[in-house]
Amino acid sequence: MFLCGTNNEPEIEKWQQSIQSKLANVAAVETGQIGPVVGAHLGSGVFAILWIKEIQQV
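Participant: Go over the side chain of N8 with me, naming the residues and quoting the values.
Facilitator: By the element assignment, N8 lies in the loop between β1 (2-5) and α1 (9-22). Judged by relative accessible area, which is 4%, N8 ranks as buried. At 3.1 Å, the side chain of N8 and the backbone nitrogen of T6 are in polar contact. Here N8 is in contact with Q33, G45, V46 and F47, once residues within four sequence places are set aside.

Participant: Tell me about the packing of aromatic side chains, residues and numbers included.
Facilitator: Enumeration over the complete set of coordinates arrives at one aromatic pair. Taking 5.4 Å as the distance between ring centres and 85° as the angle between the ring planes, the aromatic pair formed by W15 and F47 counts as edge-to-face. Remark: F47 occurs in strand β3 (residues 47-50) and W15 occurs in helix α1; sequence separation between them is 32 residues.

Participant: Outline the side chain of T6, listing residues and values.
Facilitator: Position of T6 relative to the elements: it lies in the loop between β1 and α1. Its relative accessible area of 5% is what places T6 among the buried residues. One polar contact links the side chain of T6 to the main-chain carbonyl oxygen of G43, over a distance of 2.6 Å. Apart from the residues lying within four places of it in its own chain, the contact partners of T6 are Q33, I34, G39, G43, S44, G45 and V46.

Participant: So, unusual backbone geometry: which residues are in play, and what are the values?
Facilitator: Non-glycine residue N7 carries a positive phi angle of around 55°. Its place among the elements puts N7 in the loop between β1 and α1.

Rules used in this analysis
- Residues numbered from 1 in each chain as written.
- Predicted model: local features only at pLDDT ≥ 70, side-chain atom pairs only at ≥ 80, totals over all residues.
- Heavy atoms only, no water.
- Helix = DSSP H or I, 4+ residues; strand = E, 2+ residues; numbered from the N terminus.
- Buried < 20%, exposed > 50% of the residue type's maximum accessible area, 1.4 Å probe, protein only.
- Polar contact = N/O pair within 3.5 Å; in protein donor to acceptor, adjacent residues only side chain to side chain.
- Contact = heavy atoms within 4.5 Å.
- Phe/Tyr/Trp six-rings, centres within 6.5 Å; stacked < 30°, edge-to-face > 60°.

Shown next as structure tokens:
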């Protein structure tokens, strides 16, 4: 799971702590900031969540 946003790193880190405490089955919760090109279109203070399911190799 990846949590990101624009110009709100402290809030994203609080969100990370909250999610980790509630979702023990999530392997990793990482954080980051959205870059300036996409961020210019989204605006300041955006929160986004991304995730990927682990796929077993065939």
